[in-house]
Amino acid sequence: NEWYQAEFSAYDTSPKQVSVVITNCPAPQYVGATAYAIYRITDGELTISGNEPGFPAPPADFDAAGARKIVFKRE
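What counts and how
Residues numbered from 1 in each chain as written. Predicted model: local features only at pLDDT ≥ 70, side-chain atom pairs only at ≥ 80, totals over all residues. Heavy atoms only, no water. Helix = DSSP H or I, 4+ residues; strand = E, 2+ residues; numbered from the N terminus. Rg over C-alpha atoms; globule rule 2.2 N^0.38 Å. Buried < 20%, exposed > 50% of the residue type's maximum accessible area, 1.4 Å probe, protein only. Contact = heavy atoms within 4.5 Å. Phe/Tyr/Trp six-rings, centres within 6.5 Å; stacked < 30°, edge-to-face > 60°. Lys NZ or Arg CZ within 6 Å of the ring centre and 35° of its normal.

(A) Representation of the overall build of the chain. A count of helices and strands for the chain gives 0 helices and 5 strands. What you see in the chain, going N to C, is helices and strands ordered as β-β-β-β-β. In terms of overall dimensions, the chain is globule-like: its C-alpha atoms have a radius of gyration of 12 Å, near the 11 Å expected for 75 residues. Reported as C-alpha extents along the three principal axes, the dimensions of the chain are approximately 35 × 30 × 25 Å. Across the 75 residues that make up the chain, the buried fraction comes to 25%. For the chain, restricting intrachain contacts to residue pairs at least 6 apart in sequence, the fraction spanning at least 24 positions comes to 14%.

Structure follows, in structure tokens:
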């Protein structure tokens, strides 16, 4: 039951970054908060690693402590 509606901005940095402003979700404490993440697209996979909404910076790397990492694989 985890879902988010949000507006996002992507940045061409190394690694690539995204900031996400949450506009709706089941957790009211996150609505209006900004989440920061890094991402990469390689070999048909999208890897995103992000910190909890409200944390003021993206993770330092894809396996950073406290960050959540999600991998989407193309089938």
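More follows now that the structure is in view.
(B) Here's a closer look at the packing of aromatic side chains. Scanning the model with the defined rule gives 0 aromatic pairs in all. Over the ring of Phe 62 we find Arg 40; its NZ or CZ atom is 4.1 Å from the centre of that ring.

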